[in-house]
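Now for the letters of each chain:
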Amino acid sequence: MITGLDHIAIAVPDLQKAIERFAEDFGLTLSGQEDVAAAQTSTAFFPLSSTSIELVHPLEGAGPIAKYLEKKGGGMHHLCFRSDNLDEDVERLRNKGYQFLTETPQSGAHGCRVIFIHPKSCDGVLIELNQPTNA
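Residues numbered from 1 in each chain as written. Predicted model: local features only at pLDDT ≥ 70, side-chain atom pairs only at ≥ 80, totals over all residues. Heavy atoms only, no water.

A. Focus on the environment of Thr-133. Along the chain, Thr-133 turns up in the segment after strand 8 (127-131). The class of Thr-133 is exposed, set by a relative accessible area of 62%. With 26 residues separating them along the chain, Thr-133 and Ser-107 place their C-alpha atoms 9.9 Å apart. When residues no more than four places from it in sequence are discounted, the contact partners of Thr-133 are Gly-111 and Cys-112. (Helix = DSSP H or I, 4+ residues; strand = E, 2+ residues; numbered from the N terminus. Buried < 20%, exposed > 50% of the residue type's maximum accessible area, 1.4 Å probe, protein only. Contact = heavy atoms within 4.5 Å.)

So this is what it looks like as structure tokens:
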């Protein structure tokens, strides 16, 4: 079951500059950075009361975020919803006709299991579902 909004991801062309903006200009606290090799991204998280802002940047200049930045420049990339049973949610949504970008969940930031719903299934919005490994 979907239990909440986990994060809002923003694709950024310059990760360090964006980190400085969110920390210094908006007064948010950086909780950490992580490279996610499977997604070819470098990430930085700014937690808020019940969600977080995730800045995503291409890891080594490659991957889907690099393509996104080439095409659109920076901007909101996806919404991520937290799940307490990712396998059940994926099965339920597949049965309703949702298309996913991969057949099975992958490893994501913070060791979560993640899967993305194709934007064509959600009115043009890329949706990520994640399940923390301790859930």
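B. Local environment of the state of the cysteines. Applying the stated criterion across every chain yields a total of zero disulfides. Left without a disulfide partner, Cys-80 is nearest to the cysteine sulfur of Cys-112, which lies 7.5 Å away. The exposure class assigned to Cys-80 is buried, which follows from its relative accessible area of 0%. In this structure Cys-112 comes out as buried when scored by relative accessible area, which is 8%. (Disulfide = S-S within 2.5 Å.)

C. Quick look at the environment of Ser-50. Mapped onto the fold, Ser-50 is located in the loop between strand 3 (41-47) and strand 4 (52-58). If we ignore the near neighbours within four places in the chain, the residues touching Ser-50 are Leu-5 and Arg-82.

D. Focus on a negative patch on the surface. Where like charges cluster on the molecular surface, the negative patch consists of Asp-14, Glu-20, Glu-24 and Asp-25. Checked against the element boundaries, Asp-14 lands in the loop between strand 1 (2-11) and helix 1 (15-25). Taking relative accessible area as the criterion, Asp-14 reaches 39% and is therefore assigned partly exposed. (Patch = residues over 30% accessible without salt bridge, like charges linked within 9 Å, V, L, I, M, F, W, Y side chains within 5 Å. Areas by Shrake-Rupley, 256 points an atom, 1.4 Å probe, with all protein chains shown as cover. Salt bridge = Lys/Arg side-chain N within 4 Å of Asp/Glu carboxyl O. Lys, Arg positive; Asp, Glu negative; His and termini not counted. Charge placed at Lys NZ, Arg CZ, Asp CG, Glu CD.)

E. Geometry of the layout of surface pockets. A volume near 810 Å³ is recorded for the largest pocket. Around the largest pocket sit 36 residues that line it, and Pro-64, His-77, Leu-101, Phe-116 and Leu-126 are the ones nearest its centre. Counting residues per element, the lining of the largest pocket draws most heavily on helix 2 (residues 64-72), at six residues. In terms of residue class, the lining of the largest pocket is built from 18 nonpolar, 12 polar and six charged. (1 Å grid on protein atoms, 1.4 Å probe; cavity = no way out; pocket = protein on both sides within 12 Å on 5 of 7 lines; lining within 4 Å. Points joined across faces, edges and corners; volume = space filled by probe spheres on them. Nonpolar A, V, L, I, M, F, W, Y, C, P; charged D, E, K, R; others polar.)

F. Here's a closer look at the packing of aromatic side chains. For the structure on display, the rule yields two aromatic pairs. Seen in terms of ring centroids, Phe-22 and Phe-26 are 5.3 Å apart; in terms of plane orientation they differ by 65 degrees. Their pairing is edge-to-face. In this structure Phe-22 comes out as buried when scored by relative accessible area, which is 10%. We classify Phe-26 as exposed; its relative accessible area is 52%. Both rings, one in Phe-22 and one in Phe-46, keep their centres 5.7 Å apart while their planes meet at 35 degrees; by these two values the pair is tilted. (Phe/Tyr/Trp six-rings, centres within 6.5 Å; stacked < 30°, edge-to-face > 60°.)

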